[in-house]
Amino acid sequence: MCGRYVMSKATGDLLSKFDAKEIEGTPPAPSWNVAPTQDVPIIAERLDEGAFDRRLLIARWGLVPSWAKDLKIGSRLINARSESILEKPSFRKAAVKRRAVIPAEGYYEWQKTEDGKKIPNYLYSETDDVLAFAGLYEFWPDPTLPEDDPGRWLLSCTVLTTTSHDTLGHVHDRAPVIVPPAMYADWLNPGTTDKDAVQRLLNGIPEPVLTPRVVSDRVNSVRNDGPELIEPAS
């Protein structure tokens, strides 16, 4: 499960980190409490005149399938179980045609205790200041707008999740799939459209080494934002 995360890096830093050449859309402000349905930066590749073109795009977090009647479904599709994306109608086309990585400095998860409390944890890498969530993106045509309206097509995305193992399993049983730098090109490759090849990619993504840190419950409210949210709870 991934329902909140941190992305405060400058756009230029992201372009450099992911070797992207262009920006499409208006980048959102830095946030230490990114929430579903907000605009977020994603990295994707397209085949343009025979060459791969890697770009930073701005997408709405919560995937809206092209066949959806309205935006509401997106709030339920902020995550996609990596084990079933090649079969689920909401994700299977994007899984073979529109894969992305979603930059994040870390993410929040709530650990349930025996007495029913939920303790917020911030999970991050001690060696890499930017993680790359495996994601999918989709274009949705707004039926209320004319076909020639430039704002008719909504770009949206979802974060892939997998089973948590090792020491993170005690925090939550699901975690984002995190693509290591050595696999960026393979995961983003728009030429990989075979289901079996995509499955092999998923199977080859290693489990990340992350560190959990208990933080203040101020992160529980999307109205709160700022670097103090990732500081250890006092």
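Residues numbered from 1 in each chain as written. Predicted model: local features only at pLDDT ≥ 70, side-chain atom pairs only at ≥ 80, totals over all residues. Heavy atoms only, no water.

Lay out the overall build of the protein chain in plain terms, naming residues and giving numbers.
A count of helical and extended segments in the protein chain gives four helices and 13 strands. In terms of C-alpha radius of gyration, the protein chain reaches 17 Å, essentially the compact-globule figure of 17 Å for 234 residues. Overall size of the protein chain, expressed as C-alpha extent along the three principal axes, is 55 × 40 × 35 Å. Within the protein chain, buried positions represent 51% of all 234 residues. In the protein chain, of all internal contacts separated by at least 6 residues, the share reaching a separation of at least 24 is 68%. For the protein chain, the computed accessible surface area is about 11,700 Å², with 50% contributed by carbon and sulfur atoms. In the protein chain, 28 positive and 34 negative side-chain charges are present, and the distance between their average locations comes to 6 Å. (Helix = DSSP H or I, 4+ residues; strand = E, 2+ residues; numbered from the N terminus. Rg over C-alpha atoms; globule rule 2.2 N^0.38 Å. Buried < 20%, exposed > 50% of the residue type's maximum accessible area, 1.4 Å probe, protein only. Contact = heavy atoms within 4.5 Å. Areas by Shrake-Rupley, 256 points an atom, 1.4 Å probe, with all protein chains shown as cover. Lys, Arg positive; Asp, Glu negative; His and termini not counted. Charge placed at Lys NZ, Arg CZ, Asp CG, Glu CD.)

An account of the side chain of D53 is requested, with residue identities and associated values reported.
Inspection of the secondary structure assignment puts D53 in strand β5 (residues 51–61). We classify D53 as buried; its relative accessible area is 12%. Side-chain polar atoms of D53 contact the side chain of R55, separated by 2.4 Å. Discounting chain neighbours no more than four positions away, the residues touching D53 are E22, A44, E45, R46 and D48. (Polar contact = N/O pair within 3.5 Å; in protein donor to acceptor, adjacent residues only side chain to side chain.)

Account for the pattern of salt bridges, naming residues and giving values.
With the rule as written, the count across this model stands at 12 salt bridges. Residue E24 pairs with R55 through a salt bridge whose shortest N-O separation is 2.2 Å. Placement of E24 in strand β2 (residues 22–24) and of R55 in strand β5 is noted, with a sequence separation of 31 residues between them. Overall, the relative accessible area of 15% leaves R55 in the buried class. With a shortest N-O distance of 3.0 Å, R98 and E138 are connected by a salt bridge. Within this pair, whereas R98 is found in the loop between α2 (92–97) and β7 (99–104), its partner E138 is found in strand β10 (residues 131–141), the two being separated by 40 residues in sequence. Here R98 matches E138 in class, with each residue buried. Each of E22, E24, R46, D53 and R55 takes part in salt bridges that share partners, so that together they form one network. (Salt bridge = Lys/Arg side-chain N within 4 Å of Asp/Glu carboxyl O.)

How would you summarise helix α1 (residues 11–18) if you had to cite specific residues and measurements?
Of the positions making up α1, those classed as buried are L14, L15 and F18. Axial view of α1: buried residues confined to an arc of 100°, hence all on one face. Taken from the residues just after α1, D19 is the one with a positive phi, measuring 55°. (Arc of directions from axis to C-beta.)

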